[in-house]
Amino acid sequence: MTSPGCTKKKAVVGIILGLLVVCMFIGRVTYSRHLHKLLCHVQSINIDKSPEEIAAGGQAGEIQERMADDMDLADLTALLETHTKGQKRRLPQAIVIGIRKCGTRALLEMLKMHPQIAAASEEVHFFDNNYERGIEWYRRRMPFSYGDQITIEKSPAYFITPEAPARVFKMSKDVKLLIIVRDPTTRAISDYTQIWTSKNQKGKDYKTFEEFSMKNGEVNESYKPLQISIYNQHIKKWLEYFPRRQMHLVDGGKLISNPYPEIKEVERFLGLSDYIVSENFFLNKTRGFYCLKSEKVNKCLAESKGREHPEVSPYVLQKLQEFFRPYNQAFFDTIGRKFDWS
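Please read these numbers as outputs of a predicted model, since none were measured by experiment.

Peer 1: Honestly, the pairing of strand 6 (residues 176–181) in this entry has me stumped. Any pointers?
Peer 2: In summary, the side chains of a regular strand alternate between the two faces of the sheet. Most of strand 6 is tucked away, with five of its six residues classed as buried. Pairing of strand 2 (residues 94–98) with strand 6 involves four bridges; the strand directions are parallel. Across the sheet, Ile95 pairs through a bridge with Leu177, a residue of strand 6. Relative to strand 9 (residues 247–251), strand 6 is paired through five bridges, and the arrangement is parallel. Each bridged residue has a counterpart across the sheet, and for Leu177 the counterpart in strand 9 is Met247.

The structure is reproduced here in structure tokens:
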């Protein structure tokens, strides 16, 4: 015959196990030092009280108080952020730091075809807009990953944010940086086009690209899309913290026209296994862009990508090409590589 004390003990254990099952279902916890700490608190309970007394706030309050004293917020967060299959959220080992309107989304979508890549679903903007939230906030925005996977995120604004290089270096001096570039004039027009399209859709007037980029017949150097396209002034700040070998520059023009060779170079740079094949890409003849097909990804980029640019006068195009020419050469000298830009 079972003793009353044993019955009470079983009841208490049942309650605890039930709670753990709920936690495993919701938070997908595994046995870790955090779970061990929780079980140690449970083990120390005086089980002479009935389940009804515990549920009514007797020792449940005691458990809660002990956990509040001995377990900090990071412990509780980590308890809920460990996956049953051994995955966990890790800080990124690689970051796509830029450049805006050069194909960063396309690059990330292509990389996501690889099983060793665990990519954040959204731009986190930690090192530019959310740094005060702290490194744990950043880590919690990363996807669950296995130990042999590379966690990666993209936030193109990092490239032009003066504080970003030092902040990234503080997180990890070994992180690999991906930078995708394209013809600076084309990039600036694409930058303008995104805003111009949005204004048009809302029925709002917006100045022409020529009006923004030119002032009194000369290039308006203060126009932000042009400032972003002066790549050398930005990359030099990153080179103050990271060696060139930790940076890989992707040719944005070639990524669109012939993506397979470009993505294979990225694959090698990141130390990934030889996985992506040419059959993963197929041309959408209607839009003139390549789409992706693999076990993990089967999609074309959103309709907002590859917008048709407004016509820009040949005079302005020539002025901009002349303006960017010395900056481009300085950039080529800095990175030790030349791109085929007009």
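Right, picking up where we left off after that structure.
Peer 1: Would you mind showing me how to read the side chain of Ser155 here?
Peer 2: One can find Ser155 in the loop between strand 5 (150–154) and helix 8 (164–171). Its relative accessible area of 0% is what places Ser155 among the buried residues. Among the polar contacts listed, one links the side chain of Ser155 to the backbone nitrogen of His125, at a separation of 3.0 Å.

Peer 1: Is there a simple way to explain the pattern of salt bridges in this structure?
Peer 2: Pairing is possible between side chains of opposite charge, provided their charged atoms come close. Applying the stated criterion across every chain, the model contains 11 salt bridges. Two residues, Glu136 and Arg139, come together in a salt bridge whose shortest N-O distance is 2.6 Å. Here Glu136 and its partner Arg139 are both found in helix 7 (residues 135–139), three residues apart, which amounts to about one turn of the helix. A relative accessible area of 14% places Arg139 in the buried class. Salt-bridge contacts for Lys319 lead to Glu218; the nearest nitrogen and oxygen are separated by 3.2 Å. You can see Lys319 sitting in helix 15 (residues 314–335) and its partner Glu218 sitting in strand 8 (residues 218–219), a full 101 residues away along the chain. Taking the relative accessible area as the measure of exposure, Lys319 reaches 18% and is therefore buried. Judged by relative accessible area, Glu218 falls into the partly exposed class, the value being 45%. Within this structure, Arg105, Glu109, Lys112 and Lys299 form a network of salt bridges that share partners.

Criteria and thresholds
- Residues numbered from 1 in each chain as written.
- Predicted model: local features only at pLDDT ≥ 70, side-chain atom pairs only at ≥ 80, totals over all residues.
- Heavy atoms only, no water.
- Buried < 20%, exposed > 50% of the residue type's maximum accessible area, 1.4 Å probe, protein only.
- Helix = DSSP H or I, 4+ residues; strand = E, 2+ residues; numbered from the N terminus.
- Pairing = 2+ DSSP bridges.
- Polar contact = N/O pair within 3.5 Å; in protein donor to acceptor, adjacent residues only side chain to side chain.
- Salt bridge = Lys/Arg side-chain N within 4 Å of Asp/Glu carboxyl O.

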